[in-house]
Amino acid sequence: VLGWSRHTQKVEIEDIVADGIGLAFVVYPEGLASLPGAWFFSACFFAMLFFLGIDGEFATVEVAATLWRDTAPRGTKPNNVKIAICLCSLGMVLGLPLVMPTGLYWFGVFSSWPSLFVVYIACGMECIAVVHYYK
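Described below are features of the structure shown in this document.

Structural notes on the packing of helix 4 (residues 38-70) against helix 5 (residues 80-95)
Each packed pair of helices is defined by two parameters, the angle between the axes and the distance between the axes.
At step 1: Across the interface, helix 4 lies against helix 5 with an axial gap of 10 Å and an inter-helix angle of 130°. Relative to helix 5, helix 4 is oriented oblique. For the pair helix 4 and helix 5, the crossing hand works out as right-handed. Here helix 4 contributes V61, A64, A65, W68 and R69 to the contact with helix 5, which in turn contributes N80, I83, C86, L87 and C88.
At step 2: Within the contact of helix 4 with helix 5, the residues separate by chemical class into eight nonpolar, one polar and one charged.

Here it is, written out as structure tokens:
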């Protein structure tokens, strides 16, 4: 798709798009629109993006729910539905800034290097929690 865009626009690939959401929501849809049966390929592409996002959320919620269930006091069994509702509601509230008019700014902030730092801290805390509660 990038090669096709470069050829049709007569520019270098670096000038088409740098990275980020412009590649997924500007360049690829333009390339898909030029194919025969564009509606089908476009629907498949955006379904793929949707399912990739949902899959990432499943993993995040499952890790947090398992930690919540495993740290519950003995003899009490937390309700899985309530745990899922709480975690999904928290994720929705934390994601609200991304759908506001300043969403692209916050997306850039969250997708830059500090987000990797937070991932390392979260993984370290999960390892500590597993070692602490399963020793």
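Now that the structure is up, let's keep going.
With respect to the packing of aromatic side chains
At step 1: Scanning all chains against the criterion turns up five aromatic pairs.
At step 2: Consider the rings of F50 and F51, whose centres lie 5.4 Å apart with planes at 65°: the pair is edge-to-face.
At step 3: Between the aromatic rings of Y105 and W106, the centroid separation amounts to 5.2 Å while the plane-to-plane angle is 70°, which identifies the pairing as edge-to-face.
At step 4: Residue classification places Y105 among the exposed residues on the basis of a relative accessible area of 55%.
At step 5: On the accessibility criterion, W106 (33% relative accessible area) is partly exposed.
At step 6: Members of the aromatic cluster, joined through ring pairs, are W39, F40 and F41.

Some remarks on the pattern of salt bridges
Any two side chains of opposite charge can pair, given that their charged atoms come close.
At step 1: For the coordinates displayed, the defined rule picks out one salt bridge.
At step 2: One salt bridge connects R69 with E62, and the closest N-O pair in it is separated by 3.5 Å.

Cut-offs applied
Residues numbered from 1 in each chain as written. Predicted model: local features only at pLDDT ≥ 70, side-chain atom pairs only at ≥ 80, totals over all residues. Heavy atoms only, no water. Axes fitted to C-alpha atoms, helices over the stretch in contact; angles between N-to-C directions. Helix = DSSP H or I, 4+ residues; strand = E, 2+ residues; numbered from the N terminus. Parallel < 35°, antiparallel > 145°, perpendicular 65-115°, else oblique. Left-handed = near helix turned anticlockwise from the far one by under 90°. Contact = heavy atoms within 4.5 Å. Nonpolar A, V, L, I, M, F, W, Y, C, P; charged D, E, K, R; others polar. Phe/Tyr/Trp six-rings, centres within 6.5 Å; stacked < 30°, edge-to-face > 60°. Buried < 20%, exposed > 50% of the residue type's maximum accessible area, 1.4 Å probe, protein only. Salt bridge = Lys/Arg side-chain N within 4 Å of Asp/Glu carboxyl O.

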